[in-house]
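Residue-level structure breakdown
One-letter residues, chain by chain:
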Amino acid sequence: GGAEPWREALVQALDIMDAEAGAAPIGDDGADAEATVPERWLSDSDRDPLWPLPDNFPDELALLWSPAEALAKPSANLPAAVGALVAKASAPSTIKIDLYANPGAKAAQDALIASFSAPRRVEALLTSAKRESIGITSTQIAKDWEKEPGAVAAVVLRRAGDGSAAWPVPILAPVLAALVHDATDWRSAFAEHLPSDQGLFAALWAQLCGEPPFSENLAVFLPWALGVLCVGRLAGVRSPEARDVAFAADVALRVGSTLVADLALVQAAARLEKVLLDKKSPDLASAGPSRGRLQSLNRAPLAALISSLAETASAGPSAIGCEAVDAALEIWLRLASDLARDAQDLSGAAASAVFQLARLWSGAATLRSYGRLHVGALLGQARLIRDASVGSVDGLLLSACLADRGSRERSAALAELLQPIRQQQVDVLRVLATALREWPVKRTTVLVLEVLPEVLDKLCIRTPGGPALSRLLECSAEPLVSSTADTPVSRSLHCFLCCTVAVASAEPTGVGPALRVAVTVIRSAGGEQITPGGSASSPRCLYEVLCGFLEALCRVAPDFCGTGRKPMTPPPPSLVAAALLLRSLARSCASAEIEGAGAGKIHDLVASSPGLRRIDGLAR
């Protein structure tokens, strides 16, 4: 009865939208005439009852509108079907517009989108965008950005619930690149609204770098990104969130890695030019974009960037993004140093690097311990060698960790460490405890498994009975750990795990982070690329070491390990990781000794300890 007029209006509207009317007619000469929009629309009598929506609005037609939205009547000069779509587009939900193959329908759709406000038009364009035509879409969005930058930025830079970009990255990245090229006020909007989305920045950076020739827009974007996206999110007024720290570290790492490759290309091109005496070679011209990106560093806040990275890296191994921040810190310190020393055709960037490094060095004393050591290790090794203080010992060891194995830099640092005046200042246990608390896990692993084994036999270790040469230590803990693996690597690992137990005993809140570092070091000790120590890297040796370490940990931190009166529930993630490593090493030992008499003893190591049985059960 009463709903019948609505059904007829709905059917008529859907018929119009689905019909193939509006196709371009074929002229007498065979050429396509201009596409026309069909003239058959709803009559006034059919259109008027649609506004406003009554309470008894039928479900079939209500699907076209947001139920809670108060809709305004469209302009009277619009056909009713177009007016319905305009009303729907004004709803807060994202609209879906299909790209019709029919030219007439496409023309009608374009006219419809053109009638929207700038924000709704941008939303419609992003919703219907396809990658093959993203260039046209980007140009249209850039024009709307100029009209209403704030409202359009809120649509383009919309964030999803997890903080990532709401629009697909392959669509959004070219749009942002077009805004960097064409928009006049993108910096403030990007600074406030750009999502902390690593995938989005990677695509945007590739888009900007992949558009030859090098443009002034990228020369502006690069220092802006380092200052706002890195320094601003690491050292801003507000305390940075974990996602912002990881994003800033990724931006610094990606841009820094690009510039390191650029510098290598420019230096190689300069050497080639010197040999060929030909400045017009195509190979030399290919270095132009790289030279442009490097020259843009003369406007970059290098000192602030490196200081921010150094401070963030000093937060300790348990901090979110610590490893990525540390890797970015190393890249930028080396890049700035190389620019200041070796840049031949980059006078502006080289002079800026020298100035920025001077500022950094003058303020390095205010950095926290690890950041200060890292800056000193890469920029001031000569000063470390002249310095006879106890602090220089940590700096030389970190310098050796940052250098490649077998390199002259590592050999020089370790040789200076063994000088008589400094050898007496080396407190191995203090260095290991400091690294456990403050250094990133990667540096601690290299210290324990690579650097210390090279010098440990010539150093003394403090014991309750007084100092003793480390080569005289017996690294055993019967019945769990035998003394068969008597190598520098096993002694270094033994000392490190003893420090870990001591830290867990003295700092109950630090048991989890310390255990996580210890598990990583033990797992890394099984890799041949890290441990050249023979039996120290065998599954049998590592299994015994891990059993002895976990048994000691159960005694000093029973609640953490689940053997005390108030066991932690659920079990800490680092303890679960230790259980998984214990099970993995046990299987490796069983496979290696399947035909021998050792398999039974492997089972006995866990069975003889209630604490080990509790931990082993976490891996089941």
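Residues numbered from 1 in each chain as written. Predicted model: local features only at pLDDT ≥ 70, side-chain atom pairs only at ≥ 80, totals over all residues. Heavy atoms only, no water.

Counting secondary structure elements, the protein contains 32 helices and 2 strands. The proportion of buried residues among the 620 residues of the protein is 47%. (Helix = DSSP H or I, 4+ residues; strand = E, 2+ residues; numbered from the N terminus. Buried < 20%, exposed > 50% of the residue type's maximum accessible area, 1.4 Å probe, protein only.)

Here the focus is the nonpolar core. Most often, soluble globular proteins keep nonpolar side chains buried together rather than apart. Trp-145, Val-156, Leu-176, Phe-221, Leu-297, Trp-332 and Leu-447 are the most contacted members of the largest nonpolar core, which has 153 residues in total. For Leu-176, the residues in contact, after removing those within four places along its chain, are Val-156, Leu-157, Phe-190, Leu-194, Leu-200 and Leu-204. (Core = buried A, V, L, I, M, F, W, Y, C linked by side-chain atoms within 4.5 Å. Contact = heavy atoms within 4.5 Å.)

A few words on the environment of Arg-359. Within the fold, Arg-359 resides in helix α18 (residues 347-362). Relative accessible area serves as the criterion here: at 49%, Arg-359 is assigned to the partly exposed category. Residues Arg-359 and Ala-304, spaced 55 residues apart in sequence, show a C-alpha to C-alpha distance of 9.1 Å.

Oppositely charged side chains can form a pair if their charged atoms are brought close together. If you walk through the whole model with that rule in mind, you get 21 salt bridges. When the shortest N-O distance is used, the salt bridge between Asp-244 and Arg-233 registers 4.0 Å. Residue Asp-244 is found in helix α13 (residues 242-276), and its partner Arg-233 is found in helix α12 (residues 216-234); the two are separated by 11 residues along the sequence. The pair Asp-244 / Arg-233 is uniform in exposure class, with both members buried. A salt bridge links Arg-368 to Glu-311, with the nearest nitrogen and oxygen atoms 3.5 Å apart. One end of the pair, Arg-368, is in the loop between α18 and α19 (369-379); the other, Glu-311, is in helix α16 (residues 302-313), with 57 residues separating them in the sequence. The network of salt bridges with shared partners includes Asp-326, Glu-330, Arg-334 and Arg-443. (Salt bridge = Lys/Arg side-chain N within 4 Å of Asp/Glu carboxyl O.)

In this description, a pair of aromatic rings is defined by centroid distance and the angle of the planes. Per the stated rule, a full pass over the model turns up 10 aromatic pairs. Consider the rings of Trp-145 and Phe-190, whose centres lie 6.2 Å apart with planes at 85 degrees: the pair is edge-to-face. With Trp-145 in helix α7 (residues 134-147) and Phe-190 in helix α10 (residues 186-193), the pair connects residues that are 45 residues apart, well separated along the chain. Here the two residues Trp-145 and Phe-190 agree in accessibility, since each one is buried. Between Phe-201 and Trp-205 the ring centres are 6.2 Å apart and the planes differ by 10 degrees, which places this aromatic pair in the stacked class. Of this pair, Phe-201 and Trp-205 both sit in helix α11 (residues 198-209), 4 residues apart, which is roughly one turn of that helix. Taken together through their ring pairs, the aromatic side chains of Trp-145, Trp-186, Phe-190, Phe-201, Trp-205, Phe-221, Trp-224 and Phe-247 make up a single cluster. (Phe/Tyr/Trp six-rings, centres within 6.5 Å; stacked < 30°, edge-to-face > 60°.)

On to α11, then. In this model α11 runs 16 Å from its N-terminal to its C-terminal C-alpha over 12 residues, within 8% of the 16 Å that 1.5 Å per residue would give. All buried positions along α11 are accounted for by Leu-200, Phe-201, Leu-204, Trp-205 and Leu-208. Relative to the axis of α11, the buried residues are bounded by an arc of 130 degrees and lie together on one face. Those residues of α11 that are buried are in contact with α9 (169-182), α12, α13 and α15 (288-295). Of the residues that open α11, the one with a side-chain oxygen 3.1 Å from the backbone nitrogen of Gly-199 is Asp-197. (Expected span 1.5 Å × (residues − 1). Arc of directions from axis to C-beta. Polar contact = N/O pair within 3.5 Å; in protein donor to acceptor, adjacent residues only side chain to side chain.)

Moving on, we come to the packing of helix α6 (residues 118-128) against α7. Relative to each other, α6 and α7 sit at 160 degrees, their axes nearing to 10 Å. Judged on the interaxial angle alone, α7 and α6 are roughly antiparallel. Considering only the axes of α6 and α7, their crossing is left-handed. Only Thr-137, Gln-140, Ile-141, Asp-144 and Lys-147 of α7 make contact with α6, whose side of the interface consists of Ala-118, Arg-121, Val-122, Leu-125 and Leu-126. The class makeup of the residues in the contact of α6 with α7 is 5 nonpolar, 2 polar and 3 charged. (Axes fitted to C-alpha atoms, helices over the stretch in contact; angles between N-to-C directions. Parallel < 35°, antiparallel > 145°, perpendicular 65-115°, else oblique. Left-handed = near helix turned anticlockwise from the far one by under 90°. Nonpolar A, V, L, I, M, F, W, Y, C, P; charged D, E, K, R; others polar.)

Let us now look at the side chain of Ser-337. On the secondary structure map, Ser-337 appears in helix α17 (residues 322-342). For Ser-337, a relative accessible area of 18% translates into the label buried. Discounting residues that sit within four places of it in the chain, Ser-337 has contacts with Leu-357 and Leu-379.

Here we come to the packing of α12 against α13. Direction vectors running N to C along α12 and α13 enclose 150 degrees, while the axes themselves pass 8 Å from each other. As far as their axial angle goes, α13 and α12 are roughly antiparallel. Crossing geometry of α12 relative to α13 is assigned as left-handed. Here α12 contributes Leu-222, Leu-226, Leu-229, Cys-230, Arg-233 and Leu-234 to the contact with α13, which in turn contributes Asp-244, Val-245, Phe-247, Ala-248, Val-251, Ala-252, Val-255 and Leu-259. Its residues placed into classes, the contact of α12 with α13 shows 12 nonpolar, no polar and 2 charged.

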